[in-house]
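# Observations on chain architecture
Chain by chain, the residues:
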Amino acid sequence: MKKITVPYIQTMKDNGEKISALTAYEFLFATLLDQAGLDIILVGDSGSMVFNGNETTLPLTMDEAIYHCKAVRRGVSHALFVADMPFLSYQVNTDQAMLNAGRFFKEVQVDAVKLEGGEPVLETVHKIVQAGMPVMGHLGLTPQSIRQFGGYGVRAKNADAAEQLIKDAIGLEQAGAFAMVLEKIPAALAKEVSEKLTIPTIGIGAGAGCDGQILVTQDMLGLFEEFKPKFVRQYMDLAVDVKKALQQYSQDVKDGSFPNADESY
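Summary of the structure given here. In this text, all values refer to a predicted model and were calculated from it rather than measured experimentally.

Counted under the stated rule, the structure contains one aromatic pair. Across the ring face of F149, the terminal group of R155 is positioned such that the distance to the ring centre comes to 3.9 Å.

Take the pairing of strand 2 (residues 40–43) next. Side chains I40 and L42 project from strand 2 onto one buried face, and the interleaved I41 and V43 project onto a second face that is buried too. By the bridge criterion, three bridges tie strand 1 (residues 19–23) to strand 2 in an arrangement that is parallel. Across the sheet, residue L22 finds its bridge partner in strand 2, namely I41. In this fold, the crossover linking strand 1 to strand 2 by way of helix 2 (residues 27–36) has right-handed handedness. Bridge count between strand 2 and strand 3 (residues 80–84): four bridges; the pairing is parallel. Among the inter-strand pairings, L42 is bridged to a residue of strand 3, identified as V82.

What follows is about the nonpolar core. Counting 74 residues, the largest nonpolar core has I40, F104 and L182 as the members making the most contacts within it. In terms of residues, this core owes the most to one element, helix 8 (residues 159–175), which gives six residues. Excluding its chain neighbours within four sequence positions, the residues that come into contact with F104 are M62, A65, I66, C69, A83, D84, M85, P86, Q109, V110 and V113.

Taken as a whole and assessed by the stated rule, the structure comprises eight salt bridges. Across the salt bridge formed by R103 and D63, the nearest N and O atoms sit 3.1 Å from each other. With a gap of 40 residues between them, R103 in helix 5 (residues 94–108) and D63 in helix 4 (residues 62–73) connect regions that are remote in the sequence. Residue classification places R103 among the partly exposed positions, given a relative accessible area of 23%. Overall, the relative accessible area of 53% leaves D63 in the exposed class. For K191, the salt bridge is made with E195, and the minimal N-O distance between the two is 2.5 Å. Here K191 pairs with E195, and both are found in helix 9 (residues 187–196), just four residues apart, close to one helical turn. Overall, K191 belongs to the partly exposed group, its relative accessible area being 41%. Where salt bridges share partners, they join D63, R103 and E107 into one cluster.

Another point: the sheet that holds strand 5 (residues 135–140). An order of 1-2-3-4-5-6-7-8 is seen for the eight strands of this closed barrel, with the pairing classed as parallel. The mean angle between the axes of side-by-side strands here comes to 25°, regardless of whether they run parallel or antiparallel. In terms of strand pairing, strand 4 (residues 112–114) meets strand 5 through two bridges, oriented parallel. Note that in strand 5 the partner of K114 across the bridge is M136.

Note on placement: A161 falls in helix 8. Residue classification places A161 among the partly exposed positions, given a relative accessible area of 28%. Sequence separation between A161 and G140 is 21 residues; the distance between their C-alpha atoms is 9.5 Å.

Along its 15 residues, helix 5 runs 21 Å from first to last C-alpha, staying within 8% of the 21 Å computed at 1.5 Å per residue. Buried within helix 5 we find T94, A97, N100, A101, F104, F105 and V108. Between the side-chain oxygen at the start of helix 5 and the backbone nitrogen of D95 there is a gap of 3.2 Å, and the oxygen is on N93. After helix 5 finishes, the residue Q109 shows a positive phi value of roughly 60°.

This brings us to the packing of helix 8 against helix 9. Two elements in contact, helix 8 and helix 9, have axes whose closest approach is 10 Å; the angle formed by their N-to-C orientations is 30°. One element, helix 8, and the other, helix 9, form an angle in the roughly parallel class. Crossing handedness for the pair helix 8 and helix 9: right-handed. Residues A162, L165, I166 and A169 of helix 8 touch helix 9, and the partners they reach there are L189, E192, V193 and K196.

What counts, and where the lines are drawn
- Residues numbered from 1 in each chain as written.
- Predicted model: local features only at pLDDT ≥ 70, side-chain atom pairs only at ≥ 80, totals over all residues.
- Heavy atoms only, no water.
- Phe/Tyr/Trp six-rings, centres within 6.5 Å; stacked < 30°, edge-to-face > 60°.
- Lys NZ or Arg CZ within 6 Å of the ring centre and 35° of its normal.
- Buried < 20%, exposed > 50% of the residue type's maximum accessible area, 1.4 Å probe, protein only.
- Helix = DSSP H or I, 4+ residues; strand = E, 2+ residues; numbered from the N terminus.
- Pairing = 2+ DSSP bridges.
- Right-handed = clockwise from strand over helix to strand, strands pointing away.
- Core = buried A, V, L, I, M, F, W, Y, C linked by side-chain atoms within 4.5 Å.
- Contact = heavy atoms within 4.5 Å.
- Salt bridge = Lys/Arg side-chain N within 4 Å of Asp/Glu carboxyl O.
- Axes fitted to C-alpha atoms, helices over the stretch in contact; angles between N-to-C directions.
- Expected span 1.5 Å × (residues − 1).
- Polar contact = N/O pair within 3.5 Å; in protein donor to acceptor, adjacent residues only side chain to side chain.
- Parallel < 35°, antiparallel > 145°, perpendicular 65-115°, else oblique.
- Left-handed = near helix turned anticlockwise from the far one by under 90°.

Right under this line is the structure:
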């Protein structure tokens, strides 16, 4: 399979080809996603929740993010490999943001980094891009601001908020972002933004009008059972099957039926 690059992602939008993206946090799933032909693999800060068991994305540190990225890197040869910048890795000042973004490229060889926000991060995005590091933006529901929002509801529902989101999206494009995630906003607004921008949009809970879609892999496979957002299409109920297999294994051990003669030396 051809290696997906930042310019190729743009070509996909130009040609009207939808972009598929999922998350990974470790080698095994990264390998499976890459072999399945996903266009983008994101090491999301969502790993703080689905991998590390935290209630929000906020606790994830740079060192933890780098660790997950190194594991995923070994499994990815085809997809565009994007790393989420953790909370406070880019918000303090531009210099710190540059250094932290640089760690992902220097220590892990990612293809791009992703960060959240609009107007407040435009200068940061511009400088990171100017240094040769591609940046993906993220607007709408931005989980690193969850304490400010107070919940995971739909964003940009009123006219003023929608106008600001459009302004932020255009600003990110002008700052040099090569793509952006639109999370949990009205489908009509996401479609409008996607049509206004020349760069691709990747939706999550933002309707079918985006140029691509992303989900958390554990959500769409039915592995993460804590909650199920409306926007998740669950392709498997893997948690149920895995638990059945684990229970059967435990029972086989206890009743002595595992291992049998064929499974022994």
